[in-house]
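# Chain and residue survey
For reference, the chains in residue letters:
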Amino acid sequence: MIYRNTCPLCGSSQIHEVLTAKDYTVSKENFGIWHCGGCSGRFTQNVPDGASIGKYYQSQEYISHTETREGLINRLYHSVRKITLRSKQNWVRSATGLKQGKLLDIGSGTGAFLHYMKTGGWDVTGLEPDETARANAKQLYGIEALPIEQLFSLPAEEFDAITMWHVLEHVHDLHHYLDQLRKLVKPGGAIIIAVPNYTSLDASYYKAFWAAYDVPRHLYHFSPTSMESLLAQHNIKVVKKHPMVFDGFYVSLLSEKYKTGKSRLLAGFFQGLRSYRRGLKEVDRCSSIVYECKL
């Protein structure tokens, strides 16, 4: 287990525990979440190290690895995924100014996004740490994702766009990864990172039951302030933020289940709708935020 005496995002010693969250997906264990007074970031305390955390991903409910359609919530996820994939494609095109180019997707899961971009004419490379997810990507889409270790052996200035969709919060070697992104992106290229936002409306409502805390798989929990501060340490500039408005529905439905032990669809949908509407008006209160970055 990793115990931290300073904030892993900014190095500040102004840290304290703010809540305890439960791993509802796999282990049912409880983990402390600590807050940093320096950068406003949060992190999960006493997390398994990189060699030990794999067992916490071994669940058929972990949709990014298995493509499961079990349960209404996962079926709803699939029903809006086409819209989400199109949004991601539009963000990449807008950020790079290109309709086609070279794309690196880190944490590519079962390959749905890579397949969508490849169909649109992009030259795609995927990196994925989970062997099962890589096998599913090959079976479902013919995508040959590479082991994540190859991130540090890819050619410099190779990619027009690098994307990380809900991946950065999982990365143990956070600062090393961000330094490597700088090396791999072409001059004028874009780095696009999506992470959950613990200052969102749905997070404020569900508190410790907020599904996007997803301990211990989520090592860090970002606010817009902490995210921009972290990227600035690596001379990565946020040029635009986009709301991932549908995430509020998925997260609220799961959070409602965690909070009550029941699939209260109407209550979860109502909270998701509140988050959706707030995110459209105010990006910094959206359940998940896409950070469009340049060097």
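For clarity, every value in this text was computed on a predicted model and none was experimentally measured.

A few words on the pairing of strand S6 (residues 159-165). For S6, a buried count of 7 out of 7 residues is recorded, marking the element as mostly surrounded by other parts of the structure. Relative to S6, strand S4 (residues 102-106) is paired through 3 bridges, and the arrangement is parallel. If you follow Leu103 over to S6, its bridge partner there is Ala161. In the sheet, S6 pairs with strand S7 (residues 185-196) via 6 bridges, with the strands oriented parallel. Bridge pairing in S7 links Phe159 to Val185. Each parallel crossover has a hand, and for S6 linked through helix H5 (residues 174-184) to S7 it is right-handed.

This brings us to the sheet that holds strand S1 (residues 15-22). In space, the 4 strands of this open sheet follow the order S1-S2-S3-S8, with antiparallel pairing throughout. Among the strands making up the open sheet, the edge pair consists of S1 and strand S8 (220-221). Pairing of strand S2 (residues 30-36) with strand S3 (residues 42-44) involves 3 bridges; the strand directions are antiparallel. From the neighbouring strand, Ile33 faces S3, where its bridge partner is Thr44.

Membership of the largest hydrophobic core comes to 61 residues, with the highest contact counts inside it found for Leu104, Ile106, Met164, Leu168 and Ile193. Other than its neighbours up to four places away in sequence, Leu168 contacts Leu174, Leu178, Ile193, Val195, Tyr220, Phe222, Met227 and Leu230. Counting residues in hydrophobic clusters, the runner-up holds 19 residues, among them Leu85, Leu103, Val124 and Val290.

Let's shift gears to the state of the cysteines. Should the sulfur atoms of two cysteines be covalently bonded, the bond is a disulfide. Throughout the structure, instances matching the rule amount to 0 disulfides. Here Cys7 is not cross-linked by a disulfide; its sulfur's nearest cysteine counterpart is in Cys36, at 3.7 Å. Residue Cys286 stays outside any disulfide, its sulfur separated by 16 Å from that of Cys293, the closest cysteine.

Right, let's get into the pattern of salt bridges. Evaluated as defined, the whole model comprises 8 salt bridges. When the shortest N-O distance is used, the salt bridge between Asp23 and Arg217 registers 2.7 Å. Highlighted residues: Asp23 in the loop between S1 and S2 and Arg217 in the loop between helix H6 (201-206) and S8, separated in sequence by 194 residues. For the residue pair Asp23 and Arg217, the accessibility class agrees, reading buried in each case. Note that Lys186 and Asp160 form a salt bridge whose closest N and O atoms lie 3.5 Å from each other. Remark: Asp160 occurs in strand S6 and Lys186 occurs in strand S7; sequence separation between them is 26 residues. For Lys186, a relative accessible area of 26% translates into the label partly exposed. Take Asp160: its relative accessible area is 13%, and that puts it in the buried class. One connected set of salt bridges, linked through shared partners, spans Asp23, Asp214 and Arg217.

Let us look at helix H4 (residues 131-141). Residues Ala133, Arg134, Asn136 and Ala137 constitute the buried set of H4. Down the axis of H4, the sector holding all buried residues measures 160°, keeping them to one side. Projecting away from the buried face of H4 at angles above 90 degrees are the exposed residues Glu131 and Gln139. Among the residues of H4, the N-terminal cap falls to Asp130, whose side-chain oxygen and the backbone nitrogen of Thr132 are separated by 3.1 Å. At the C-terminal side of H4, Gly142 shows a positive phi close to 70°.

Analysis parameters
Residues numbered from 1 in each chain as written. Predicted model: local features only at pLDDT ≥ 70, side-chain atom pairs only at ≥ 80, totals over all residues. Heavy atoms only, no water. Buried < 20%, exposed > 50% of the residue type's maximum accessible area, 1.4 Å probe, protein only. Helix = DSSP H or I, 4+ residues; strand = E, 2+ residues; numbered from the N terminus. Pairing = 2+ DSSP bridges. Right-handed = clockwise from strand over helix to strand, strands pointing away. Core = buried A, V, L, I, M, F, W, Y, C linked by side-chain atoms within 4.5 Å. Contact = heavy atoms within 4.5 Å. Disulfide = S-S within 2.5 Å. Salt bridge = Lys/Arg side-chain N within 4 Å of Asp/Glu carboxyl O. Arc of directions from axis to C-beta. Polar contact = N/O pair within 3.5 Å; in protein donor to acceptor, adjacent residues only side chain to side chain.

Interpretation note: all reported values are geometric properties and have no functional meaning in isolation.
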